[in-house]
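Take a look at the letters that make up each chain.
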Amino acid sequence: MTSASLTESLQEVLALFDAGGAPLTTTEVTEQVSCGRRSADERLERLVDHGWLETKTVGGSGRVWWRPAGADDSEEKESERRQGTQTARPDRQRDELERELDEVLERISDGFYALDENLRFLVLNSHAMDVLGLDESAIGTDIRDIVTLTDPFENALSNALETQEPVVLEDYYDPVDRWFHNAIYPSESGLSVYFREITNQKKRERKLQRYERTIETIWDGVATLDDDDRFVMVNEAFCEMTGYEREELQGAPATLVHDETITERATATTEDSLGDEREYVSLEFELETASGETIPVEGRFGPYELEDGSVGRTGVVRDVTERKERERALEESERRYRTLVEHFPNGAVGLFDKDLKYTAIGGRLLDDIGVDKEDRIGNSVYEIYPDTLLEEVEPYFEAALDGESNSFEVEFHDRCFHAYTLPVGPVDDEIFRGMLVVQDVTERREYERQLEEYRRWTETLIENFPNGVVALVDENLHYVTFGGTPEGDVDISRDELEDSPVYEVLPQRIADTVVPHYEAALDGDPSEFEETIDDRVYQFRFVPVRDDDGDVFAATAMSQEITERKERERALGQRARQQQAVADLGQFALETDDLDELMHETAQQVADVLDNEYCKVLDLRPDKRELLLREGVGWHDGIVGNATVSAVEADSQAAYTLANDHPIVVEDLRAESRFGGPELLRNHDVRSGISTVIGPFDDAWGILGTHDTDRRSFTEQDVSFVQSVANILAEAIERHRYQQELEELVRDLEESNERLERFAYAASHDLQEPLRMISSYLQLIDRRYRDAFDEDGTEFLEFAIDGADRMRNMIDGLLAYSRVETQGEPFESADLNDVLDAARDDLRIRIEESDAEIAADDLPHVKGDAGQLRQVFQNLLSNAIEYSGEQPPRIDVTAEREGNDWIVSVHDDGIGIEPDEQERIFEVFERLHAHEEHRGTGIGLALCQRIVERHDGEIWVDSEPGDGATFRFRLPATEP
């Protein structure tokens, strides 16, 4: 294959090599050809594959490339060379080699010399002579005799001769203070040495090494990218951050650890950086690790010129996971504190920054003192507070920002405030805010002043603490001091208690009780409780003792015997329960008509209040010889309502109770000598109790008794309670008896009234016929024979006719009176305006004749019989006209609401009624005036009263003689 058949890019690389010339490294090729390192590697490999170049690995990972001697691009010359090699004579061969060597030497720009197998100079080019300080006289001389060789270089010459393998090394040549790249190639005649100066390259490499060592010491990740965005260099921190090995990253695209958009952003910002002449730009993005996770990072990127002259990027990447978490925690903390500020219930809270400016403020106290929070937010304490207050509080604000909490009191707005300043945070040991908490303690300070006065007063009392003990223990539960009388049977002196552990000096049962409360007090929790020790009751109080900083350092305990007080409280509570039970039973007795229900409730209440197992109500039978267990609690099933006890046997407690005029108390029935227990009590193991008579002792209704199976004493208060309940039962029974008698009487009266109504109806009806006959004949006589009578006869006839008319009116009135209940209409809503109008129509002629004036208010609706109410109005208006006196009648009808009723009034200006006659006028046939003076039957007002009573109302009159009269009647109200 000829060189002409190669691509232009391969020809460009091949042109760098002279046949048999000095080898070149990849870096050297990259520097001379306008391509990247990877592209140069690919071109060199292809030239090796075509046989134009040879290559060898040197120095572990480096490679050198050279063009073999005799390589040419002419196929003809190649063919002749192969043929000459096979047939030429040795001298021609040597001439050819010498000629070729001269040509090679002429083309070599670097230093070159040849050595024989004894290391004597065979050939040197001018560059070699200049560097080594030699001339042509050096040919034939041992290099070791005229050139200062380093040990590594001399060893390399020896190794090349022995192994017949090329050796490449870099060596420092001290005489000229330079670094050289040496390529030693063995041959049958000796060695060919090519060298070129690499001093500048070594300087760059040392600089790079120092840079890399520096980079490796940085905790942040560092990476350099070429112009294709592939990793050229990464430090260990970057490898640890991404989870990749260095070998995996070098040469890999940057998109291995982030998406393409980051590359685009980085490229754009780098170009902006170059344009703005800034060295670095910053980006925040998510870095993808080898495990597939992502971590937030901050990267600072800048342009970096690579060895081949291209511009890549170098950057520092920092893991900001903790910073992000801190920022999140900071935001969350800020949010929580702002929530606290906005909803602080008792006082006020403010957040301030490092400039002592309020960033948030809130609390109910602001409203109380008339402060607008908008006037505070964004302003500093220097702008808000007066100088005198600022001088006092500023140090506390500054101390909070330094991490110190303080509390103090100030006076402001004529109030006393207790304030706290405290740091907000820290977030990663950084205080980011300060907080001010303020509470109005004006009232509390007054309270503390009073409390201090009380404390001084109580100190004198504590010195002689009665019936108990005051003790102080330290944080190790050792007694510090105590005073008073220990509880229970503790017999320990003060000296024995002090400095001794509580568990060691107190009896186990007492220690087990008090130690948990001591421990709670040392934790800051006070407690109070009561405990019974050796049948005595003690009250314990445990209180934490705090130092000036509010920290608990000890605990104090106080115990006092309260047996008598508890007994008084128990008795008082028992008395209250008994009084409440009496009140409840009294109310229940008024509300219920069921005696058995009342008796059962009584038995239940008495047993509960006295804490007894049994209670009974015994009903004395009419023969006075037995008592029936009518109601009770606690007794065996089937006993109540069936069991009886003797009321006459001498051995019976019931008989003994009936025979005495006071309650009977039994503390122990087994030791009782006054009587024995009846079978009812013995069968239920009764041992104690109270029994008393229900009703008068000389006319008892029965017995109330309560019993218990334990031996016990009863107080006078207990006995009085049972007697009070018995009295309630007696009153209820008496009231029940009276009610029964009253109901019986009512039934008798109702029957009597019914018979009377029937009689009145029958009588009035039977009298109608003869009365009509008398009236008819009297009228017939008057018409036919009136002229035949003299004056006396005419007068007598008129008297007879008038008497018959009045008798008819009386019978009609009596008939109407008897029919009020039986002939009335059902009640319904009635408009009294319409009722009054109907009554006025009935009396229209009388009203006109008397020139009467009737005025009426707007009257209400009532529930009743409109026809009967019309009769009431008619009778009252008629009476008002009749008894109006000499002046024309003036009548006023009004109504007034009273609760669920209406009070209707009919007032006249007539002659009035004497007070002692005002009740009598409502009786049947009762008249206050003679017939000659005023007409009437004496039934009208009685009829009104009966009608009103049928409506569940009442009627009455208010009057004074000469001042007229006001008739009032009550009717139930109803809606229209």
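Residues numbered from 1 in each chain as written. Predicted model: local features only at pLDDT ≥ 70, side-chain atom pairs only at ≥ 80, totals over all residues. Heavy atoms only, no water.

The name that an unreviewed UniProt entry assigns to the protein chain is histidine kinase, with the source organism given as Halobiforma nitratireducens JCM 10879. Taken directly from UniProt, the Catalytic activity (unreviewed entry) text for the protein chain runs: "ATP + protein L-histidine = ADP + protein N-phospho-L-histidine." (UniProt positions renumbered as here; feature names shortened; annotations may be inferred.)

Trainee: Looking at this model, I keep getting lost on the overall build of the protein chain. Mind explaining?
Mentor: When helices and strands are counted, the protein chain shows 30 helices and 36 strands. Each of the 976 residues in the protein chain was classed as buried or not, and the buried ones make up 41%. Sequence-distant contacts, at least 24 apart, represent 51% of the contacts inside the protein chain between residues at least 6 apart. (Helix = DSSP H or I, 4+ residues; strand = E, 2+ residues; numbered from the N terminus. Buried < 20%, exposed > 50% of the residue type's maximum accessible area, 1.4 Å probe, protein only. Contact = heavy atoms within 4.5 Å.)

Trainee: Would you mind going over the sheet that holds strand β33 (residues 890-898) with me for this structure?
Mentor: In any sheet, the strands associate via hydrogen bonds between backbone groups, in a parallel or an antiparallel arrangement. Within the open sheet, the 5 strands sit side by side as β31-β33-β34-β36-β35. Their pairing is mixed. In this open sheet, the two strands that pair with only one neighbour each are β31 (853-856) and β35 (955-959). Pairwise comparison of adjacent strand axes, ignoring direction, gives a mean angle of 20° for this sheet. Looking at chain direction, β33 and strand β34 (residues 901-908) are connected through 8 bridges and run antiparallel. When the sheet's bridge partners are listed, Val-893 is paired in β34 with Val-906. (Pairing = 2+ DSSP bridges. Axes fitted to C-alpha atoms, helices over the stretch in contact; angles between N-to-C directions.)

Trainee: It is not clear to me how the pairing of strand β12 (residues 294-305) should be interpreted in this structure. Could you clarify?
Mentor: Looking along a regular strand, one sees side chains alternate from face to face of the sheet. As paired strands, strand β11 (residues 281-288) and β12 are joined by 8 bridges and run antiparallel to one another. Residue pairing across strands places Phe-285 opposite Val-297, the latter belonging to β12. Between the end of β11 and the start of β12, which pair antiparallel, lie 5 residues, with Gly-292 showing a positive phi angle near 95°. With 9 bridges joining them, β12 and strand β13 (residues 311-319) adopt antiparallel strand pairing. By the bridge assignment, Gly-299 is partnered in β13 with Val-317.

Trainee: Explanation requested: helix α29 (residues 866-882) in the structure shown.
Mentor: One turn of an α-helix holds 3.6 residues; hence residues three or four places apart share an orientation. When the terminal C-alpha atoms of α29 are compared, their 24 Å separation across 17 residues agrees well with the 24 Å that a helix rising 1.5 Å per residue should span. Looking only at α29, the buried set comprises Gln-868, Leu-869, Val-872, Phe-873, Asn-875, Leu-876, Leu-877, Ser-878, Ala-880, Ile-881 and Glu-882. Capping of α29 at its N-terminal end is provided by Asp-865; its side-chain oxygen lies 3.1 Å from the backbone amide nitrogen of Gly-867. (Expected span 1.5 Å × (residues − 1). Polar contact = N/O pair within 3.5 Å; in protein donor to acceptor, adjacent residues only side chain to side chain.)

Trainee: Hey, could you run me through the pattern of salt bridges in this one?
Mentor: Charged atoms that come close allow side chains of opposite charge to pair. Inspection of the entire model under this criterion finds 29 salt bridges. For Lys-202, the salt bridge is made with Glu-170, and the minimal N-O distance between the two is 3.1 Å. With a gap of 32 residues between them, Lys-202 in helix α9 (residues 199-217) and Glu-170 in strand β6 (residues 167-173) connect regions that are remote in the sequence. Classification of Lys-202 as buried rests on a relative accessible area of 13%. Judged by its relative accessible area of 35%, Glu-170 falls in the partly exposed class. Salt-bridge contacts for Asp-619 lead to Arg-630; the nearest nitrogen and oxygen are separated by 3.3 Å. With a gap of 11 residues between them, Asp-619 in strand β24 (residues 614-620) and Arg-630 in strand β25 (residues 626-633) connect regions that are remote in the sequence. Looking at Arg-630, the relative accessible area reads 22%, which means it is partly exposed. (Salt bridge = Lys/Arg side-chain N within 4 Å of Asp/Glu carboxyl O.)

Trainee: Is there a simple way to think about the confidence of the model for the protein chain in this case?
Mentor: Low-pLDDT portions of the prediction should not be read for the details of their coordinates. For the protein chain, mean pLDDT is 80; residues scoring 70 or higher make up 80% of the total. Contacts for the low-pLDDT stretch residues 273-278, under 50 throughout, to residues beyond four places or in other chains number 7 contacts. With pLDDT under 50 throughout, residues 450-462 is counted as low confidence; its partners more than four residues away or in other chains account for 1 contact. (pLDDT = per-residue confidence, 0-100.)

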